[in-house]
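Commentary on secondary and tertiary structure
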Amino acid sequence: SKIISGELDSYLLKPVNPQFLLSLANVNLSAFFNLLWPICLIIYQMQHLNTELSFFGIAIYVVLVINGAILNYCMMFIAQILAFWVGRNTGLHLMISSMLQLAQYPGVMFNNFFRAVFTYIFPIVVIANYPVMMLIRSNHTGLLGISAMVTGIFIALMLILWRISIRRYTSA
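Residues numbered from 1 in each chain as written. Predicted model: local features only at pLDDT ≥ 70, side-chain atom pairs only at ≥ 80, totals over all residues. Heavy atoms only, no water.

Helices and strands together make up the secondary structure of the protein, namely ten helices and zero strands. Across the protein, helices and strands are ordered from the amino to the carboxyl terminus as α-α-α-α-α-α-α-α-α-α. In terms of overall dimensions, the protein has C-alpha extents of about 60 × 35 × 25 Å along its principal axes. A total of 172 residues make up the protein; the buried ones form 31% of that total. A fraction of 67% describes how many contacts in the protein between residues 6 or more apart in sequence connect residues 24 or more apart. (Helix = DSSP H or I, 4+ residues; strand = E, 2+ residues; numbered from the N terminus. Buried < 20%, exposed > 50% of the residue type's maximum accessible area, 1.4 Å probe, protein only. Contact = heavy atoms within 4.5 Å.)

Given below as structure tokens:
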């Protein structure tokens, strides 16, 4: 909508990275309080699973959660970037949000084809399952490498699409 209304122009004229400004335009800091319940639930469940929590395991879990947040940001920003070509992309954004609902299911339930799709193309398994898998069984150290690789590719894709889109943009 910022493209169609011309509001994007004001972001482009400021002496700060416009992608940074656009990313922080609608941040809801109170949403961080929504993390309290899941953290309590994780601690409770880990006690009932009789799983030993090591400092290394918790650290890797936190890294993978942050990695998942970055990956989610990249996917959503790419959906927003597509508005440069299609105008309003509300449908695409809603479709991605709906597909993220698949993250509530364990990745092992998908057959090999869909597991690959949901790991490398639409990486909901990396976002939702990898942190939990690492927390429960710390012998999945390869997950950290796959997670970093997929996130790196999505960051690069997002930045390339952003640069192409900004060059292509003509003011409203």
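That shown, we press on.
So, about the packing of aromatic side chains. Under the counting rule described, the total for this entry stands at five aromatic pairs. An aromatic cluster is built from Phe 110, Phe 113, Phe 114 and Phe 118, whose rings are joined through pairwise contacts. (Phe/Tyr/Trp six-rings, centres within 6.5 Å; stacked < 30°, edge-to-face > 60°.)

Moving on, we come to a nonpolar patch on the surface. The grouping of Val 16, Phe 20, Leu 24, Val 27, Leu 29, Phe 32, Leu 35, Ile 39 and Ile 43 at the surface amounts to a nonpolar patch, some 870 Å² of accessible area in total. Sorting the residues of the nonpolar patch by element identifies helix H3 (18–24) and helix H4 (36–48) as the ones contributing at least two each. In this fold, Phe 32 is placed in the loop between H3 and H4. (Patch = residues over 30% accessible without salt bridge, like charges linked within 9 Å, V, L, I, M, F, W, Y side chains within 5 Å. Areas by Shrake-Rupley, 256 points an atom, 1.4 Å probe, with all protein chains shown as cover. Salt bridge = Lys/Arg side-chain N within 4 Å of Asp/Glu carboxyl O.)

What follows concerns the side chain of Ser 147. Tracing the backbone through its elements, the reader meets Ser 147 in helix H10 (residues 142–168). Reaching out from Ser 147, the side chain makes a polar contact with the side chain of Asn 67 at a distance of 2.3 Å. Once residues within four sequence positions are removed from consideration, Ser 147 is found in contact with Leu 64, Asn 67, Val 126 and Tyr 130. (Polar contact = N/O pair within 3.5 Å; in protein donor to acceptor, adjacent residues only side chain to side chain.)

This paragraph deals with the side chain of Ser 165. Examined against the element boundaries, Ser 165 turns out to sit in helix H10. Residue class for Ser 165 comes out buried when judged on its relative accessible area of 0%. Among the polar contacts made by the side chain of Ser 165, one reaches the main-chain carbonyl oxygen of Leu 161 at a distance of 2.7 Å. Sequence-distant contacts of Ser 165, that is, excluding residues within four places in its chain, are made with Ile 81, Phe 84 and Trp 85.

For the pair helix H5 (residues 55–81) and H10, interaxial distance at closest approach is 9 Å and the crossing angle is 25°. Comparing the axis directions of H5 and H10 gives the class roughly parallel. Judged by the twist between their axes, the crossing of H5 over H10 is left-handed. In terms of residue class, the contact of H5 with H10 is made up of 21 nonpolar, four polar and no charged. (Axes fitted to C-alpha atoms, helices over the stretch in contact; angles between N-to-C directions. Parallel < 35°, antiparallel > 145°, perpendicular 65-115°, else oblique. Left-handed = near helix turned anticlockwise from the far one by under 90°. Nonpolar A, V, L, I, M, F, W, Y, C, P; charged D, E, K, R; others polar.)

Treat this as a map of the structure, not an account of what it does.
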